[in-house]
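Structural characterization, general
Listed below, chain by chain, are the residues.
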Amino acid sequence: MSGRTVKRYREGNITAAFGTDLLLQGITAVPNLLLRLYRHLDITDEEMILLIQLLRLQIEEKNLLPSASALAECTSQDVTRVQQNLNRLLEKEVLAVTQYYDENKDQILSGYDFEPLLEKLSEIWASIRVREIERTRCLLEKRTRMEANSPEFALIIKAFEQEFGRPVSPMEVEQIQQWIEELNPTLVLEALRRAVLRGKHNFKYIDSIILEWKKNNLQTLEEINAYDAQFKKRRSKNTTPKVDERKKALLKTLYLS
C-alpha cells in the first residue's frame, strides 16, 4: 500500500496496537444523506458497497480508476459481478469517468467521478425538503386555526411548551390533537403531569401512558385512580405469597435438618 505509515508497538500490547493502527489507517467519510437516500437513486446494496470502496481507494490509495479485480479483493463480489455493477452505475449516470490532472506527475489521468451522484442526491434531497416545508406550513396553519377555534386546545399546547421548556413541533401538535380526539383533554394533561413527575419529558412516554388507559377503557380521572389503586393491590398480593413460600421452604429445611 503506497504511503502507509508503520509504527513499532510494545510487545504484548495488542489492544493499543490495534487502536493506533486504526487511526493511522485513516477514515473514509461517507455522507449520512447518501447512506439514508441511496435507495431513492435506484442504487442496490452491492452497488453502494462499490461506491464506498471507490471513495476509500481514491482517498486512501489515490487510485482514481481501480480495476474490477482490485474492487473484487475488497468486496464479496467476484470480478464479473463487480464489472456488471460498475457498468450499471455508469448506465444510470450515477457514476462517470472523467479526466483528472495530477500536479505531482504533471499528467492527465482517468478516474471515476462522483459529481453525477451528488447532483442526483441533491435533487432527491431538495424534493424531500420541499415536501417537509409544505407539510410544516400546513400543520402550522392547522394549529393556528385550532387554537383560534378552541381555547382549551391552546391551553394544552401552552402547558406542553411550559413543561418541556421549548415550543412543540408541528408533528407534536398533531400528536396532541390525536390524543385530545381520543381522550378527554383533562386526561391528556394528566398524562403530561405523570410523565413530568417521573422526569420523562418525551412524547413516547406520554403516548405509552395514554395507550394503557385506552386499552383498559379508562375515560375519567376517577376510573384511572381506581385502576391504579387496584393495580397496586394486585401487585402487593402477588408479591406476598412469594415471601410466604420462602418462609415455608426455610422452615421445612430447618425441620428436616
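As a starting point, this report considers the structure included with it. Numbers given for residues are sequential positions, taken from 1 along each chain in its written order. Local features in this predicted model are restricted to residues whose pLDDT is 70 or higher, and side-chain atom pairs enter the listing and the counts only when it is 80 or higher, whereas totals over whole chains, interfaces and linings include all residues. Calculation of side-chain values draws on the structure's entire complement of heavy atoms; hydrogens and water are dropped beforehand.

**Remarks on the overall build of the protein**
- Working definition: helices are DSSP H or I runs of at least four residues, strands are E runs of at least two. Numbering for both runs from the N terminus. Looking only at helices and strands, the protein has 11 helices and two strands in total.
- Each residue's exposure class comes from its accessible area (1.4 Å probe, protein chains only) as a fraction of the maximum for that residue type: buried when under 20%, exposed when over 50%, partly exposed otherwise. In the protein, which comprises 257 residues, the proportion classed as buried is 27%.
- Any two residues having at least one pair of non-hydrogen atoms within 4.5 Å are treated as being in contact. The long-range share in the protein, meaning contacts at least 24 apart out of those at least 6 apart in sequence, stands at 52%.
- Where accessible areas are quoted, they stem from the Shrake-Rupley method and a 1.4 Å probe; at the residue level, only the protein chains shown are allowed to cover. Accessible surface, the protein as shown: approximately 17,900 Å² in total, 54% of it carbon and sulfur.

**Describing the pattern of salt bridges**
- Throughout this description, the term salt bridge denotes a Lys or Arg side-chain nitrogen within 4 Å of a carboxyl oxygen of Asp or Glu. Scanning all chains against the criterion turns up 16 salt bridges.
- The shortest N-O distance in the salt bridge between Glu 134 and Arg 137 comes to 2.4 Å. A residue pair is termed a helical-turn pair when its members lie 3 or 4 positions apart in one helix, as Glu 134 and Arg 137 do in helix α6 (residues 115-149) at three residues.
- Lys 214 is paired through a salt bridge with Glu 182; the nearest N and O atoms lie 2.8 Å apart. With Lys 214 in helix α10 (residues 203-215) and Glu 182 in helix α8 (residues 170-182), this residue pair connects regions lying 32 residues apart in the sequence.
- Residues participating in the shared-partner salt-bridge network are Glu 190, Arg 193, Arg 194 and Asp 228.

**Details of a nonpolar patch on the surface**
- Patches in this entry comprise residues that are over 30% relatively accessible and not in a salt bridge; like charges within 9 Å are linked, as are nonpolar side chains (Val, Leu, Ile, Met, Phe, Trp, Tyr) within 5 Å. Together, Leu 65, Leu 90 and Val 97 make up a nonpolar patch on the protein surface, roughly 220 Å² of accessible area in all.
- Tracing the sequence through the fold places Val 97 in strand β1 (residues 96-102).
- When its relative accessible area of 45% is taken as the criterion, Val 97 is described as partly exposed.

**Side note on the packing of aromatic side chains**
- Only Phe, Tyr and Trp rings take part, Trp by its six-membered ring, and two of them pair if their centres are within 6.5 Å. Stacked means planes under 30 degrees apart, edge-to-face means over 60, and tilted covers everything else. Enumeration over the complete set of coordinates arrives at five aromatic pairs.
- An angle of 35° between the planes, with centres 5.5 Å apart, marks the rings of Phe 160 and Phe 203 as tilted. Separated by 43 residues along the polypeptide, Phe 160 in helix α7 (residues 151-164) and Phe 203 in helix α10 bring together distant segments of the chain. Across the pair, Phe 203 and Phe 160 agree in class, each one buried.
- In textbook terms, an aromatic cluster arises when at least three aromatic residues are bridged by ring pairs, as seen for Phe 160, Phe 164, Trp 179 and Phe 203.

**Structural notes on the packing of α7 against helix α9 (residues 185-197)**
- As a packed pair, α7 and α9 sit with axes 11 Å apart at the nearest point and diverge in direction by 5°. Relative to α9, the element α7 lies roughly parallel. Along the contact surface, α7 presents Glu 152, Ile 156, Ala 159, Phe 160, Glu 163 and Phe 164, while α9 presents Pro 185, Val 188, Leu 189, Leu 192 and Val 196.
- As a working rule, the residues Ala, Val, Leu, Ile, Met, Phe, Trp, Tyr, Cys and Pro are called nonpolar, Asp, Glu, Lys and Arg charged, and the rest polar, with Gly in that last group. In the contact of α7 with α9, the residues fall into nine nonpolar, no polar and two charged. In this description, a line fitted to the C-alpha atoms serves as the axis of each element, helices being fitted only across the stretch in contact, and the angle between N-to-C directions of two axes falls anywhere from 0 to 180 degrees. When describing relative orientation, an angle under 35 degrees is termed roughly parallel and one over 145 degrees roughly antiparallel, while 65 to 115 degrees is termed roughly perpendicular and anything else oblique.

**Description of the side chain of Arg 194**
- Tracing the backbone shows Arg 194 in helix α9.
- With relative accessibility at 12%, the residue Arg 194 sits in the buried group.
- Identification of polar contacts relies on pairs of N or O atoms within 3.5 Å, with a donor-acceptor requirement for protein atoms, meaning one able to donate a hydrogen and the other able to accept it, and with residues adjacent in sequence counted only if both atoms are side-chain atoms. A polar contact of 2.9 Å, which involves the side chain of Arg 194, links it to the side chain of Glu 190.
- If near-sequence neighbours (up to four positions away) are discounted, Arg 194 is found in contact with Ile 209, Trp 213, Ile 224, Asn 225 and Asp 228.

**Some points on unusual backbone geometry**
- Residues other than glycine seldom take positive phi values, yet Lys 62 does so here, at roughly 55°.
- Residue position: Lys 62 is located in the loop between α3 (45-60) and α4 (68-73).
- You can call Lys 62 exposed: its relative accessible area is 65%.

**A few points about the environment of Thr 28**
- If you trace the backbone, Thr 28 turns up in the loop between α1 (14-24) and α2 (32-37).
- The residues contacting Thr 28, other than those within four sequence positions of it, are Leu 55, Arg 56 and Ile 59.

**Looking at the environment of Leu 121**
- As for its position among the elements, Leu 121 is in helix α6.
- A relative accessible area of 7% places Leu 121 in the buried class.
- Note: C-alpha distance between Leu 121 and Tyr 38 (83 residues apart in sequence) is 7.8 Å.

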